[in-house]
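# Structural overview for review
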Amino acid sequence: MAAYADTAGPNEREGSPLAAGITKKTLLLFIVGDILGGGIYARTGEVAGEIGGAIWTGFLVAAIVAAFTAASYAELVSKYPQAAGAALYIHKAFKTDLLTFVVAFAVMCSGLASAAALATAFGGDYLSQFVELPQILVGLVVIGVVTAINFRGIKESAGFNVVCTLIEIAGLFLVVVIGATFLFDGGGDPGAALEFKDDATPALLMVAGASIAFYALIGFEDAVNVAEETKDATRSFPRTLFTGLAIAGAVYLLVTLIAGMAVPADTLAGSDGPLLEVVALGPLALNSKVFAAIALFALINGCLLNLIMASRLMYGMAREKVVPEVLGTVHRGRRTPWVAIAFTASIAAVLVIIGDLSTLADTTVLLLLLVFIGVHVALLKLRSETVEHDHYRAPTALPYLGIITCAGLAVQSVTDDPQLVLWAGGLIVFGLILWVIERAVR
């Protein structure tokens, strides 16, 4: 752990209109809950198809890359304990409105692509345990349901999130217990945890798998948006951020290690609901419908969180007059940004119609990797700027390692699917159109 920068002065939270009601424990639950979600339920099979039985190695590499990025976020959020996250850091570093907008819009679009991916996954093998329905239709219904919850109010949304988070954590606990019992009972193949596919070197397979697994590790960066509402953020945030990422990473490694040993990689790769294959094994085998229901709660919760983030970010940009002001309209009765909610939900619905799970999830990852590169560069540029309070300082090598590893995963993603450039680029171009429209009607 690096030392805090040798600066002193008043707490930068002074003057903030927001109440500092988030404690260390609350923040830790927020971070863990935001990371642990639908990604592990939906993408474990794809990682297995890319790597082989050693699924956990892809998640390990992804966790290391996430840790490099978390270090940069930890320094920046303790140095500037304000809401807005990546867009704030880019703006402080480069002071260019257009670049700040592009970063903010990229973050928003990553949330919409992720919401669409999880809504699409909802209509896969987990739902088929109950009923067979067209996946696109199901995805649109899911978007509609979570939009209604989002519109209803943030209190209702937060309550739904708490319930879903507890359920999805219980689901991962069941995977570990049932899978481990099956292995101790003599089932599975423990040696499979070290088996890689024969078509490439293990290192290349691990990188390819990490570019897929990274989708399950995102979410920690959302926490910086509550910095102004966190007690003593400059000191509590860095340690809590690392702790939350470590807990979530450890859970993922345990789940994927057991899954890789208990179930053949080909079986996992062929399933839209890969963890169903694990809980159906051994003396503690669980009814597939029970676990499918748990997974569906995880998927819909992730969809809701992403749409909440995207709609609030669009609302914030409208209030700052960087997109058309109508998107900042608040409903008189519900006190929610209903135009931004409807607008972002509409984009997510279109993505459900035209995209598939892999493309949408990989688009999310590509957009965030580009944003993370920007955050690392911003950190290096802001290193010379001093503030009048103590703050965490990341080891100098970490932002450079973050740039290299994020760029490597981005290149790997585009190499695997060159169309991702069109997907990510198309969303950013759409944002630039909104930028131009707003300026034309001023």
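Every value quoted in this text rests on a predicted model; they were computed, and no experiment measured them.

### Quick word on the pattern of salt bridges
- Inspection of the entire model under this criterion finds three salt bridges.
- For the salt bridge of Arg-383 with Glu-75, the shortest nitrogen-to-oxygen distance reads 2.7 Å. Taken together, the residues Arg-383 in the loop between helix H14 (357-382) and helix H15 (397-416) and Glu-75 in helix H3 (residues 55-79) connect sequence positions 308 residues apart. Note on accessibility: Arg-383 and Glu-75 belong to one class, buried.
- In the salt-bridge network here, residues are joined through shared partners; they are Arg-43, Glu-46 and Asp-362.

### Examining a nonpolar patch on the surface
- Side chains of Ile-136, Leu-140, Val-350, Ile-353 and Ile-354 sit close together on the surface and give an oily, nonpolar patch of about 420 Å² of accessible area.
- The set of elements that each furnish at least two residues to the nonpolar patch consists of helix H6 (135-152) and helix H13 (338-354).
- With three residues, H13 is the largest single contributor of residues to the nonpolar patch.
- Along the chain, Val-350 turns up in helix H13.

### Some words on the side chain of Thr-165
- Mapped onto the elements of the fold, Thr-165 is located in helix H7 (residues 154-184).
- A distance of 3.5 Å separates polar atoms of two side chains, one belonging to Thr-165 and the other to Asn-301.
- Discounting chain neighbours no more than four positions away, the residues touching Thr-165 are Gly-33 and Asn-301.

### Quick look at the packing of aromatic side chains
- On inspection of all chains with the given rule, the structure shows 11 aromatic pairs.
- For the pair Phe-105 and Phe-430, a centre-to-centre distance of 6.5 Å together with 55° between the ring planes defines the contact as tilted. Placement of the pair is Phe-105 in helix H5 (residues 97-122) and Phe-430 in helix H16 (residues 420-440), with a sequence separation of 325 residues.
- By relative accessible area, which is 32% here, Phe-430 ends up partly exposed.
- Through a chain of ring-to-ring contacts, the aromatic side chains of Phe-101, Phe-105, Phe-343, Phe-430 and Trp-435 assemble into a single cluster.
- Between Arg-439 and the ring centre of Trp-435, over which it is positioned, the NZ or CZ distance is 3.4 Å.

### As for the confidence of the model for the chain
- For the chain, the mean per-residue pLDDT works out to 87, and 93% of the residues sit at or above 70.
- The model gives residues 1-13 a pLDDT under 50, and that stretch makes 43 contacts with residues more than four places away or in other chains.
- Note on residues 15-19: pLDDT is under 50 here. Beyond four places in sequence and across chains, it has seven contacts.

### So, the side chain of Asp-362
- Within the secondary structure, Asp-362 is located in helix H14.
- With a relative accessible area of 13%, Asp-362 lands in the buried category.
- Other than its neighbours up to four places away in sequence, Asp-362 contacts Arg-43, Ser-211 and Leu-420.

### Re helix H8 (residues 202-217)
- The terminal C-alpha atoms of H8, which comprises 16 residues, lie 21 Å apart, in line with the 22 Å expected from a rise of 1.5 Å per residue.
- Residue Ser-211 marks the point of greatest curvature in H8, where the axis turns by about 40°.
- Taken as a whole, H8 has its buried residues at Leu-205, Ala-208, Gly-209, Ala-210, Ser-211, Ile-212, Ala-213, Phe-214, Tyr-215, Ala-216 and Leu-217.
- Gly-219 sits one or two positions beyond H8 and adopts a positive phi of about 125°.

### Topic: the packing of H5 against helix H12 (residues 288-319)
- One way to put it is that H5 packs onto H12 with a least axis distance of 8 Å and a crossing angle of 155°. Classed by the angle they form, the pair H5 and H12 counts as roughly antiparallel. Remark: the crossing between H5 and H12 carries left-handed chirality.
- Of the residues in the contact of H5 with H12, the class split is 21 nonpolar, four polar and no charged.

### Here's the deal with unusual backbone geometry
- In this structure, Lys-95 is a non-glycine residue whose phi angle is positive, near 50°.
- Mapped onto the fold, Lys-95 is located in the loop between helix H4 (86-94) and H5.

### A short note on the state of the cysteines
- Under the criterion given, the structure shown has zero disulfides.
- In this structure Cys-164 is a free cysteine whose sulfur lies 11 Å from that of Cys-303, the closest cysteine sulfur available.
- The exposure class assigned to Cys-164 is buried, which follows from its relative accessible area of 0%.
- Here Cys-406 stays free of any disulfide, with the sulfur of Cys-109 as its closest cysteine sulfur at 19 Å.

Reading the values: the criteria
- Residues numbered from 1 in each chain as written.
- Predicted model: local features only at pLDDT ≥ 70, side-chain atom pairs only at ≥ 80, totals over all residues.
- Heavy atoms only, no water.
- Salt bridge = Lys/Arg side-chain N within 4 Å of Asp/Glu carboxyl O.
- Helix = DSSP H or I, 4+ residues; strand = E, 2+ residues; numbered from the N terminus.
- Buried < 20%, exposed > 50% of the residue type's maximum accessible area, 1.4 Å probe, protein only.
- Patch = residues over 30% accessible without salt bridge, like charges linked within 9 Å, V, L, I, M, F, W, Y side chains within 5 Å.
- Areas by Shrake-Rupley, 256 points an atom, 1.4 Å probe, with all protein chains shown as cover.
- Polar contact = N/O pair within 3.5 Å; in protein donor to acceptor, adjacent residues only side chain to side chain.
- Contact = heavy atoms within 4.5 Å.
- Phe/Tyr/Trp six-rings, centres within 6.5 Å; stacked < 30°, edge-to-face > 60°.
- Lys NZ or Arg CZ within 6 Å of the ring centre and 35° of its normal.
- pLDDT = per-residue confidence, 0-100.
- Expected span 1.5 Å × (residues − 1).
- Bend = angle between axes of the 7 residues up to and from the residue.
- Axes fitted to C-alpha atoms, helices over the stretch in contact; angles between N-to-C directions.
- Parallel < 35°, antiparallel > 145°, perpendicular 65-115°, else oblique.
- Left-handed = near helix turned anticlockwise from the far one by under 90°.
- Nonpolar A, V, L, I, M, F, W, Y, C, P; charged D, E, K, R; others polar.
- Disulfide = S-S within 2.5 Å.

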